[in-house]
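Here is what each chain is made of, one letter per residue.
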Amino acid sequence: MSLLNKRKKPEPKQAGGLPELDRKVLEVIKSKKEMAIWTRDLKTETNLTDAVINKCIKNLLNSSHIKEVVHVQQKGRKHYIAAEFEPSKEITGGSWYVNGDLDTTFIDELKNLCLKIIRKLKVATADGVYDFFKANRLTNTECTSQQVSEILRSMVLDNMIIDVKSTGLGEYHSIPVGQVCYRCPPGDLNKGPKTGALVSIPCGICPRIRECTPDGLISPTTCVYYTKWLDF
């Protein structure tokens, strides 16, 4: 999985030759842009029957005017988006998800590599860890600086590393005073990471954690991954 691969957006399909009902459905789907639309909402907005909606969707899929997308919070509900749009992070879950599923393999790989880098450098900023990644090509899967920062924050929650502010002295001499940096917990640097209370909670690596509120669109009550963790 390459998270930096840029896919060229397909050219918008012309709707002029579509039957009237197909065109009506397509116009509503297009109006949602990157947010996509659930079939039930589509039925409500078009005032068409299930049979007609299903037929129109089938026609539009076959003609490549629309595509189905997986909503990470509503996997049981079919959502559709116009072909010229890419689904928003609210739909896909962001770069930590693949086809609606949390990419735990990639996350674990990044955590292990970040830990090795910090053990080697003794102390490092998020930018320093990211620069080490780029310079040494440690993985076949490219990652962004934002992903590295998110991984480091989750590692702090897991007690794998600690975050401190540079004093500008000793090991911190190359880091500006007051800048946040990361290092291993006191003790043997070659020991395995300590297991924190949040080690298995999906919130630790969720890129939408800042937007998660009890009554919001992104919420613990609607998060399928948090629910599965509680059941486990």
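This one's a predicted model, so the numbers in the text were calculated from it and none came from an experiment.

A. Region of interest: the pattern of salt bridges. Scanning the entire structure with this criterion turns up six salt bridges. Across the pair D50 and K43 runs a salt bridge, and its minimum N-O distance is 3.4 Å. Judged by relative accessible area, which is 33%, K43 ranks as partly exposed. A salt bridge links D158 to K111; its shortest N-O distance comes to 2.7 Å. Taken together, the residues span a long stretch of sequence, with D158 in the loop between α7 (145-157) and β7 (162-165) and K111 in helix α5 (residues 104-121) at a distance of 47 residues.

B. Region of the structure containing the packing of helix α2 (residues 39-46) against helix α3 (residues 50-62). At a minimum axis separation of 10 Å, α2 and α3 run at an interaxial angle of 110°. Relative to α3, the element α2 lies roughly perpendicular. In this structure, α2 crosses over α3, and the sense of that crossing is right-handed. Each of T39, L42, K43 and T46 in α2 lies in contact with α3, whose residues at this interface are D50, I53 and I57. Looking at the contact of α2 with α3, its residues break down into three nonpolar, two polar and two charged.

C. Fine view of the packing of α5 against α7. Where α5 meets α7, the closest approach of the two axes is 10 Å, and the angle between their N-to-C directions is 80°. Taken as axis vectors, α5 and α7 run roughly perpendicular relative to one another. Listed contacts from α7 to F106, I107, L110, K111, C114, L115 and I118 of α5 are Q147, V148, I151, L152, S154 and M155. Classifying every residue of the contact of α5 with α7 by side-chain character gives ten nonpolar, two polar and one charged.

D. Examining the sheet that holds strand β6 (residues 123-124) more closely. With respect to topology, three strands assemble into an open sheet ordered β6-β8-β7, the strand pairing being antiparallel. Strands at the two margins of the open sheet, each flanked by one partner only, are β6 and β7. With four bridges joining them, β7 and strand β8 (residues 180-183) adopt antiparallel strand pairing. Residue V164 lies in a different strand from β8, and its bridge partner there is C181.

Quick notes on the rules
Residues numbered from 1 in each chain as written. Predicted model: local features only at pLDDT ≥ 70, side-chain atom pairs only at ≥ 80, totals over all residues. Heavy atoms only, no water. Salt bridge = Lys/Arg side-chain N within 4 Å of Asp/Glu carboxyl O. Buried < 20%, exposed > 50% of the residue type's maximum accessible area, 1.4 Å probe, protein only. Helix = DSSP H or I, 4+ residues; strand = E, 2+ residues; numbered from the N terminus. Axes fitted to C-alpha atoms, helices over the stretch in contact; angles between N-to-C directions. Parallel < 35°, antiparallel > 145°, perpendicular 65-115°, else oblique. Left-handed = near helix turned anticlockwise from the far one by under 90°. Contact = heavy atoms within 4.5 Å. Nonpolar A, V, L, I, M, F, W, Y, C, P; charged D, E, K, R; others polar. Pairing = 2+ DSSP bridges.

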